[in-house]
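Observations on the model geometry
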Amino acid sequence: MLIERDVPLERLREMARQAAAGRGASVLVMGEAGVGKSSLLQAFTAGLGPGYQVLQGGCEDLFTPRALGPLRDMAPRLGAGLAALLDGVAGSERLFPELLAWLAGAPATTVLVVEDVHWADQATLDLLKYLARRVAGMRVLLLASVRSDELTAGHPFWRWVGDLPAASTQRVTLAPLSPRAVARLATAAGRDADELYRITSGNPFFLTELLAAADDRADASLPLSVRDAVWTRVARLDAAERALLEVLSVSPVACEDWLLAGVLGPPALAACDSCTARGLLVTTGNGHFMFRHELARLAVASQLAPARLRELHARVCDVLGARTPPQRPVELARLVHHAAAAHDGLRVLRLAPRAAHEAARLGAHRQAASHLAAALRFVSDATPAPEAAQLYEEWSYEAGLVRIDDSVIAARHRAIALWRGLGREDKVGFNLRWLSRLHWYRGEAALADRFGMQAIATLEQLPHSRELAMAYSLRSQHEMLQDHPAAAIAWGERALALAISLGDTETRVHALNNIGTSRLFAGEPEGQVMLEESLRLALQYGYHEHAARCYTNLTECAVTAKRFALAEHVVTQGIAFDSEHDLDAWTHYLVGWQAQLRMAQGRLLEAEQIAQGVLQLPDLTLVMRLPALSVLGRTRARLGKPDGQQYLEQALQGALATGEPQRIVETSLGLIETAWVAGDLAACRAQLAALARHEVAGVNLWDRGEVALWQHRAGLAPAPCSALPPPIAAELAGQCAAASAQWLALGLPFEAGLALLGAQGSGAGAAALRAMALFEQIGARSAAARARALARRMGQALPKARRGPYQAARSHPDGLTRREAQILDLLLAGQSNADIARQLVRSPRTVEHHVSALLDKLGASNRCELMSRWQQKMGGVQRESG
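Residues numbered from 1 in each chain as written. Predicted model: local features only at pLDDT ≥ 70, side-chain atom pairs only at ≥ 80, totals over all residues. Heavy atoms only, no water.

1. Comments concerning the sheet that holds strand 3 (residues 109–115)
To be explicit about the condition: Paired strands, in this sense, are two strands between which DSSP finds at least two bridges. Here a helix means four or more residues in a row that DSSP labels H or I, a strand means two or more in a row labelled E, and each is numbered from the N terminus. Only the contacting stretch of a helix is used when fitting its axis, a line to C-alpha atoms as for every element, and angles between N-to-C directions run 0 to 180 degrees.
Ordered in space as 2-3-4-1-5, the 5 strands form an open sheet in which the pairing is parallel. Strands with a single pairing partner mark the edges of an open sheet, and in this sheet they are strand 2 (52–58) and strand 5 (169–173). If you compare each strand with its neighbour and ignore which way they point, the axes differ by 20° on average. Bridge analysis of strand 1 (residues 25–31) against strand 4 (residues 140–147) gives 7 bridges, and the strand direction is parallel. Residue pairing in the sheet places Val27 in a bridge with Leu143 of strand 4.

2. Thoughts on the pattern of salt bridges
We count it as follows: Each reported salt bridge corresponds to a side-chain nitrogen of Lys or Arg within 4 Å of a carboxyl oxygen of Asp or Glu. Burial classes follow relative accessibility: with a 1.4 Å probe on protein chains only, a residue under 20% of its type's maximum area counts as buried, one over 50% as exposed, and anything between as partly exposed.
For the structure shown, the criterion picks out 45 salt bridges. The shortest N-O distance in the salt bridge between Glu444 and Arg442 comes to 3.2 Å. On the basis of relative accessibility, which here comes to 24%, the residue Arg442 falls in the partly exposed class. Put simply, Arg603 and Glu606 hold a salt bridge, and the shortest N to O gap is 3.0 Å. With relative accessibility at 33%, the residue Arg603 sits in the partly exposed group. Three or more residues joined by partner-sharing salt bridges are found here, namely Arg634, Arg638, Glu666, Glu673, Glu706 and Glu751.

3. Notes on helix 1 (residues 6–20)
As a reminder, the rule being used: One less than the number of residues in a helix, times 1.5 Å, gives the span that helix is expected to have. What the arc measures is the spread of directions leading from the helix axis to the C-beta atoms.
Here helix 1 is 15 residues long and its end C-alpha atoms lie 21 Å apart, about the 21 Å a rise of 1.5 Å per residue gives. Every buried residue of helix 1 is listed here: Pro8, Leu9, Leu12, Met15, Ala16 and Ala19. Buried residues of helix 1, seen end-on, are gathered within an arc of 125° and therefore sit on one face of the element. Exposed positions of helix 1 whose direction lies more than 90 degrees from the buried face are Asp6 and Val7.

4. Section: the packing of aromatic side chains
The criterion, for reference: Any pair of Phe, Tyr and Trp rings, taking the six-membered ring for Trp, is counted once the centres come within 6.5 Å. Such a pair is stacked with planes under 30 degrees apart, edge-to-face with planes over 60 apart, and tilted for the rest. Charge-over-ring contacts are defined here by two conditions on Lys NZ or Arg CZ: a distance within 6 Å of the ring centre and an angle within 35 degrees of the ring normal.
Using the criterion set out here, one finds 10 aromatic pairs in the structure. Ring centres of Phe157 and Trp158 lie 5.1 Å apart, and the angle between their planes is 80°; this geometry places the pair in the edge-to-face category. Using a relative accessible area of 32% as the deciding quantity, one classes Trp158 as partly exposed. An aromatic cluster is present here, built from Phe157, Trp158 and Trp160 joined pairwise through their rings. Between the NZ or CZ atom of Arg134 and the centre of the ring of Tyr130, over which it lies, the distance is 3.7 Å.

5. Let's talk about empty space enclosed by the protein
The condition is simple: Cavity: a set of points on a 1 Å grid over the protein atoms alone where a 1.4 Å probe fits but cannot get out. Pocket: an open set with protein on both sides within 12 Å along at least five of seven lines, its lining residues, like those of a cavity, having an atom within 4 Å of a point. Grid points are joined across faces, edges and corners, and a volume is the space filled by probe spheres set on the points. Under the scheme applied, nonpolar residues are Ala, Val, Leu, Ile, Met, Phe, Trp, Tyr, Cys and Pro; charged residues are Asp, Glu, Lys and Arg; polar residues are all the others, including Gly.
On inspection of all chains with the given rule, the structure shows 8 cavities of 30 Å³ or more. Size it by volume and the largest cavity reaches roughly 540 Å³. Lining the largest cavity we find 34 residues, and of these Thr560, Trp593, Gln596, Glu666 and Asp703 sit closest to its centre. At the level of elements, helix 28 (544–560), helix 30 (584–600), helix 32 (622–638), helix 34 (661–677), helix 36 (701–713) and helix 39 (749–757) are the ones that each hand at least two residues to the lining of the largest cavity. With 6 residues, the top contributor of residues to the lining of the largest cavity is helix 36. Grouping the amino acids of the lining of the largest cavity by side-chain chemistry returns 16 nonpolar, 6 polar and 12 charged.

6. Looking at the confidence of the model for the chain
Atom-level detail of predicted coordinates should not be read off regions where pLDDT is low. Counted only if it meets this: Per-residue confidence from the prediction method is given by pLDDT, with values spanning 0 to 100. In this description, contact between two residues means that some pair of their heavy atoms is separated by no more than 4.5 Å.
Of all residues in the chain, 92% attain a pLDDT of 70 or more, and the chain-wide mean is 88. Taking the mean pLDDT of every element in the chain, the minimum, 37, falls on helix 47 (residues 877–881) and the maximum, 97, on strand 3. Within the model, pLDDT remains below 50 along residues 216–220, and this stretch shows 7 contacts once partners closer than five positions in the same chain are excluded.

This is the structure in structure tokens:
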């Protein structure tokens, strides 16, 4: 019997009706452990009428979760084709579309239930995200239960949920039972309601177990915890039933009848029936046995001595390992879990690498790293060196896909030392190349350069190989990022020639990208042809990450060269491609460049919001953060926000760490501009002097021209630069009005206004007024103030400053007034209404009205939902432009 669950149950039923009409959706059912999530889902699915099919699976608290465990639970219902893909060699890029096609072709509306997503492996989270982004027009309802008290600050759930589509995702949060509901149960059981509520706080599972245990206690007293309640019930069972529960307690996965019979003998099946009848166990759709709740399993396991736990794990592992074809194979993750808990090092070393390869095949790289880490815990001097070296190498790769820290780099060094001792120079070169990449991702340019060259020197002593071709191409990429176009092209051509001779399409794609990007930045049109050829081959052969890199580099080239029509086309295509293939890291980087484009176009509020959305995402590498961080600093400075300078200084420190001139120039120009607009000529010149200490001769023509322009504006002699872009050349020649017109024709209103501020002679005052109008139109308050002051000094009649909320609301992408946008920033920073009122010197009631308006405009019912929706919006801006 469900109590106080009528409202959430009806919400689920309504969404099921919507799904049956072709308006699919996703629902997160959330609440603390024992609050009744499973009971709600069981009642909902049991009440579905004809025309629905239910597929159900769950995640478990294994040491390392099963890769796509819930899908494996559903496999018997999905047909032989999908089951074969799941067990075979297919990766997620083939498996996920096949499942989607199966769902689209299903004759009934499908309700997919995945329980305990807080324990999900990465592949399961990727699958759920993949489906959630695509079910809106299908007869599919996706339900996922989540234990909210398991969600720590760094839990993968938070990043995953931020990637779900807000329009088709809902949350159903279950609260504990009210005192009134507890009183109903207490009265029926003849118990004291206040005491019952004091002990349980309204948790339904605790209530059920507590009342059942109290009936079994001689003194009829109430147990004080779930563990006490479960222990009281177990103590009254016979020996066969207790033995069964002990075996089940060491397996987070529901157990098959053959497994229990293999461990305990035939009497186990009778014990299963009696424990199910007592309400201690339940059976899954596949006929497997498990505790009615995970809390009960943990309570039983906590009673067992360490030696008994190891013994049970070993016995379960033995029986599972004896399972042979043609029966469906046991998941390796289960075997590794029990082998590790039994401290069976030899078995872990044999099984964990296989489990890791399976997890990686399905995209569960975090779980692959966890399996390999389990194996490494049992590596000793007795472990054969090739086996140990391979484990360090593979763990470094899989762990590095999640986070690149010192331990990942140390593992590469350990692998290199072992391979070198074995005389395997091919493996040494391979790992040196990866070391170079790892240091580049961390922004450590000098180390990346050193290990990259060591990799080439090592591999060149061996017969020509694909590894050498890719090492050449990575060297080309390194030179490209250091703005050394000649060297980048030379290394790229060596890589391209070797790749063609070896039939190595992947390196060919990579090298074409490097050469094309270098040439396009140098102003050579054939560079675009090479980049487009790289993209064509990447798409043809399914190299998704290489295709994403092509879209990114084409976007950078187009934005930098002020070819905004091309930039809009490519960035839209690129974001759509990255989103379609769930390449989130590439999406976030490209969205950072979309922010750069919006800033250049004078759409400052949009640029600011996009950049903020990217920077709120967790676990971004320095390289992924920099475009957005630079844009955020420059945009906020233009908008007149005092923290713009701080963000730019952070961006400069990051750029300096990379050692890449293109990044150093971009962030330095932001600081130079900010100082000049503020009238701080000394700071402007100091930044220019600091920039001059870096080798920037190889950067693109537009950036070199902008450096010369700021030197001119700061009263310094511009560095010699041939073939300057027309608007820059015009301003340096004193033709400020012409320069402004050319900037406007290119679509850069802020730069057009800056050019007008350099006008001399009788028309300078009028030019300052036109500049002020341009700045005010895009909300560039700092520059507008400088233009206004200049016009006033020149005796110009100043127009009355436009005020009021409505002009700002018209220009804001979400229709917010300036005050609302300001309050939104403070809310996102975690400030309370009272804090905001004190900071803005407004009454709490006024702030409350503003917050209420914000919630209405952004479609949120409370502050928490507002922050969640805003994170989803910022993480999903790519879909808005697609």
